[in-house]
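Structure assessment
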Amino acid sequence: DFSKAMSQAGTSQFQEVIRQELEYSMKVELDKILATAPSNELEHTKKDLEGFKKLFHRFLQEKGPSVDWGKIQRPPEDSIQPYEKIKARGLPDNIASVLNKLVVVKLNGGLGTSMGCKGPKSLIGVRNENTFLDLTVQQIEHLNKSYNTDVPLVLMNSFNTDDDTKKILQKYSHSRVKIYTFNQSRYPRINKETLLPIAKDVSYSGENTECWYPPGHGDIYASFYNSGLLDNLVGEGKEYIFVSNIDNLGATVDLYILNHLMNPPNGKRCEFVMEVTNKTRADVKGGTLTQYENKLRLVEIAQVPKAHVDEFKSVSKFKIFNTNNLWIALSAIKRLQEKNAIDMEIIVNPKTLDGGLNVIQLETAVGAAIKSFENSLGINVPRSRFLPVKTTSDLLLVMSNLYSLNAGSLTMSEKREFPTVPLVKLGSSFTKVQDYLRRFESIPDMLELDHLTVSGDVTFGKNVSLKGTVIIIANHGDRIDIPAGALLENKIVSGNLRILDH
């Protein structure tokens, strides 16, 4: 036992030496990069690289999944409240004064590359020529006009989306919404083999675009604070931010949740509220809320030990997942940021660059900070508050007659008989937005659709109706044109355009 203990001590000592060497080499490289920064970017770059250095240090310290599975418990009953209970409290007469304490923050760092678009994802047209950003501005403008309030919109951009977004913002200069932006950090990608940055200088245009990345939305706390905007908003009397992904069309300002935050029934305010919703089979990978060391904690699939992944995905054990709609007290962000006390697990995201180089990027997720805040709460909201558009299959749903658009908000059509959306799977011929749009002369009637699968070279004429389960598969080399006015109800359409009953 003695020799075993000695060899373990030796191993950990050896690992410590390697860790120190890696940190030293990283510091040397980062100093070289910083030396190339022009004077007007020096302060900003320094902050970014300092933040990155902290993350890299933690990455070297922590190994393997960061949760001890044995410590995971179901959250206590009252720590996740049903939305109905929050709504049942009603609204106070002075809802305007409550709204004036709110700031809406949209995470706007992503590009539309997964849908074949260049530029910010928020500028993709989703409904009647309106983009995600248009709909967001319309929602808040409608709120401000209806209640005579001044709820501002804050966009967290990344270096990928900032220029294009700022150009577009000019078109809202006459709208009744104050719009602010700040940039999230810019971190260097790391060579997987050497664990050193692949960037040689600070530039991020041309061939250097692949050297840098925005480090996930967990970066919001530091960059919002560093931008000075957080202090300005606190100075204006703002108290809470409502944070969500700009591509989640269900994430509108909810007055009942806001009232619950501002006027808590027990007099003790929550610093952090996470909206969760019930899992379906499509959401088995979503992060879930658990009780861990007497705190509410978000557990993501990447943190789960391999032996427990199936258990984590079980819809019966972990019934809810995080929608990434979060309500957070500004004063708490300020306090924790100043104490450097926001603790978020590191997500190691491996990527292969165009030239074949394997890199890793270190990221954090905004919801993971829930355990650092006091008196956190989960609210189990209706599925309608989670309507993300990640693919053209999602886009088909929100463009269809399943939803009606009113003042920037999408609501499920009253004509649909059941509240769940159909399961839609469009094949690779539809992945890019421009290909997808070319294949539909008009969006089909989908009010009575349960399930749609389309694969291969398929086009849809005008005024097609889809009902029940519809499966359309064009084999390699074949093409299927669904004629204008066709009604497909429980049909399988296969390669040679035979239409069969399902």
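Residues numbered from 1 in each chain as written. Predicted model: local features only at pLDDT ≥ 70, side-chain atom pairs only at ≥ 80, totals over all residues. Heavy atoms only, no water.

An unreviewed UniProt entry lists the protein under the name UTP--glucose-1-phosphate uridylyltransferase, with Ciconia maguari given as the organism. Taken from UniProt, the Sequence similarities (unreviewed entry) comment for the protein reads in full: "Belongs to the UDPGP type 1 family." Check the Pathway (unreviewed entry) section of the UniProt entry for the protein; it says "Glycan biosynthesis; glycogen biosynthesis." (UniProt positions renumbered as here; feature names shortened; annotations may be inferred.)

Another point: the confidence of the model for the protein. Of all residues in the protein, 96% have pLDDT values of 70 or greater, and the mean over the chain is 91. Per-element confidence in the protein is highest for strand S10 (residues 240-245), whose mean pLDDT is 98, and lowest for strand S26 (residues 499-501), whose mean pLDDT is 54. (pLDDT = per-residue confidence, 0-100. Helix = DSSP H or I, 4+ residues; strand = E, 2+ residues; numbered from the N terminus.)

Time to look at the packing of aromatic side chains. By convention here, two paired aromatic rings are described through the distance between centres and the angle between planes. In the structure shown here, the tally under the stated rule is 15 aromatic pairs. Aromatic side chains Phe56 and Phe59 sit 6.0 Å apart centroid to centroid with 35 degrees between the ring planes, which places their arrangement in the tilted category. Residue Phe56 and its partner Phe59 are located together in helix H2 (residues 42-61), separated by three residues, close to a single helical turn. Accessibility assignment for this pair places Phe56 and Phe59 in one class, buried. On the numbers, 4.2 Å between centres and 25 degrees between planes, the contact of Phe242 with Trp327 is stacked. (Phe/Tyr/Trp six-rings, centres within 6.5 Å; stacked < 30°, edge-to-face > 60°. Buried < 20%, exposed > 50% of the residue type's maximum accessible area, 1.4 Å probe, protein only.)

Right, let's talk about the domain arrangement of the protein for a bit. The assigned domain composition of the protein is domain 1 (69-385) and domain 2 (392-494). Distance from the C-alpha centre of domain 1 to the C-alpha centre of domain 2: 30 Å. Here domain 1 packs against domain 2, burying approximately 1,200 Å² in sum over the two surfaces, 62% of which is carbon and sulfur. Between the two partners, domain 1 and domain 2, sit zero salt bridges. Mapped by element, the contributors of at least two residues to the side of domain 1 that touches domain 2 are strand S3 (125-127) and helix H5 (132-147). Looking at the side of domain 1 that touches domain 2 element by element, the count peaks at four residues for H5. A breakdown of the residues in the side of domain 1 that touches domain 2 according to their chemical character gives six nonpolar, nine polar and one charged. (Domains from an automatic or database assignment. Buried area = accessible area lost by both parts, 1.4 Å probe. Salt bridge = Lys/Arg side-chain N within 4 Å of Asp/Glu carboxyl O. Nonpolar A, V, L, I, M, F, W, Y, C, P; charged D, E, K, R; others polar.)

This brings us to the UniProt feature "binding site: substrate" (unreviewed entry) in the protein. Residues annotated in UniProt with the feature "binding site: substrate" (unreviewed entry) correspond here to His217. Assignment of secondary structure puts His217 in the loop between strand S9 (212-213) and helix H7 (220-226).

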